[in-house]
Amino acid sequence: MSDLDFYAHVATRCDVLGVGVGAGPDAWEAAVGRDYFDDRGAGLLRRDYGLLEVSFSDEEGTPCFGISVQVHRLLHGLPVPSSLEGESGTYGAFAPRVRFVELRDTILALGRSVEPEDLAGDIHRYRVVESGARIFVVDDPDPYGDGDDGDAEADGDPDQVRLHRAGDVWALSVHRGWVGD
């Protein structure tokens, strides 16, 4: 399986390696691994795995209410949990970016539908109808119009990749209130 299969699975099934909204922190650790950072604040616990973030109430053993796959972080070299990537991982190597049209086509091939939800602003939001998951897509890589879109190629460094391109998936999100909405 590929990284694109992972993103499509999260968008259509609303889980990661069999754990999803409603699972407690111990279940997430057992499935995804122990290589994470817990960020506590304002009554919340955000478990950060690099590519993946899982949100809980800060109470002991409280179930997950949100899953976020921060695809844009891969351009900056942030880690993918070993349970997902590499020789021992389920999905192999992860590319630094994923194009929305490829993800949408993969989701459609699974018999699901994707519809636009909010096309205003620099990041567009799409909804996977059957699951309620949201897909956030870059529309304007230079929202401030100052030429600072991370395009090192245009700055004369061909060894660097453009950070953000229109049509790149920024993130995927699953929230307790959206699942099956």
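These numbers were taken from a predicted model, which means no experiment stands behind them. (Residues numbered from 1 in each chain as written. Predicted model: local features only at pLDDT ≥ 70, side-chain atom pairs only at ≥ 80, totals over all residues. Heavy atoms only, no water.)

### Some words on the sheet that holds strand E10 (residues 169–175)
Argument step 1. Spatial ordering of the open sheet is given by E3-E4-E5-E6-E10-E9-E8-E7, a layout of eight strands whose pairing is antiparallel. Each edge of the open sheet carries a strand with a single partner, namely strand E3 (37–41) and strand E7 (114–118). For this sheet, the mean inter-axis angle between neighbouring strands, taken without regard to orientation, is 20°.
Argument step 2. Examined bridge by bridge, strand E9 (residues 134–138) and E10 share four bridges and lie antiparallel to one another. Bridge pairing links Arg-134 to Ser-173 in E10. (Pairing = 2+ DSSP bridges. Helix = DSSP H or I, 4+ residues; strand = E, 2+ residues; numbered from the N terminus. Axes fitted to C-alpha atoms, helices over the stretch in contact; angles between N-to-C directions.)

### Brief notes about helix H3 (residues 100–109)
Argument step 1. Along H3, the positions that sit buried rather than exposed are Phe-100, Leu-103, Thr-106 and Ile-107. Each buried residue of H3 lies within a common arc of 130° when the element is viewed along its axis, so the set occupies one face. (Buried < 20%, exposed > 50% of the residue type's maximum accessible area, 1.4 Å probe, protein only. Arc of directions from axis to C-beta.)

### A look at the side chain of Thr-62
Argument step 1. Of note, Thr-62 is situated in the loop between strand E5 (52–57) and strand E6 (64–69).
Argument step 2. Excluding its chain neighbours within four sequence positions, the residues that come into contact with Thr-62 are Gly-24, Pro-25, Phe-56 and Ser-57. (Contact = heavy atoms within 4.5 Å.)

### Digging into unusual backbone geometry
Argument step 1. Residues other than glycine seldom take positive phi values, yet Cys-14 does so here, at roughly 60°.
Argument step 2. Looking at the secondary structure, you find Cys-14 in the loop between helix H1 (3–13) and strand E1 (15–16).
Argument step 3. Looking at Cys-14, the relative accessible area reads 9%, which means it is buried.
Argument step 4. Even without glycine at this site, Ala-42 takes up a positive phi of about 50°.
Argument step 5. With respect to the element layout, Ala-42 can be found in the loop between E3 and strand E4 (44–48).
Argument step 6. Accessibility expressed as a relative area gives 85% for Ala-42, which makes it exposed.

### Comments concerning the packing of aromatic side chains
Argument step 1. Taken as a whole, this structure holds six aromatic pairs when the rule is applied.
Argument step 2. When the centroid spacing of 4.3 Å and the interplanar angle of 25° are considered together, the rings of Phe-100 and Tyr-126 count as stacked. Of this pair, Phe-100 sits in helix H3 while Tyr-126 sits in strand E8 (residues 123–128); the two residues are 26 residues apart in sequence, bridging distant segments of the chain. Accessibility classification places Phe-100 together with Tyr-126 in one group, the buried group. (Phe/Tyr/Trp six-rings, centres within 6.5 Å; stacked < 30°, edge-to-face > 60°.)

### With respect to the pattern of salt bridges
Argument step 1. Counted by the stated rule, this structure contains 13 salt bridges.
Argument step 2. A salt bridge links Arg-99 to Asp-168; the shortest N-O distance between them is 2.7 Å. Remark: Asp-168 occurs in the loop between E9 and E10 and Arg-99 occurs in the loop between E6 and H3; sequence separation between them is 69 residues.
Argument step 3. Given a relative accessible area of 28%, Arg-99 falls into the partly exposed group.
Argument step 4. A salt bridge links Glu-117 to Arg-125, with the nearest nitrogen and oxygen atoms 2.5 Å apart. (Salt bridge = Lys/Arg side-chain N within 4 Å of Asp/Glu carboxyl O.)

Nothing here speaks to function; it is geometry throughout.
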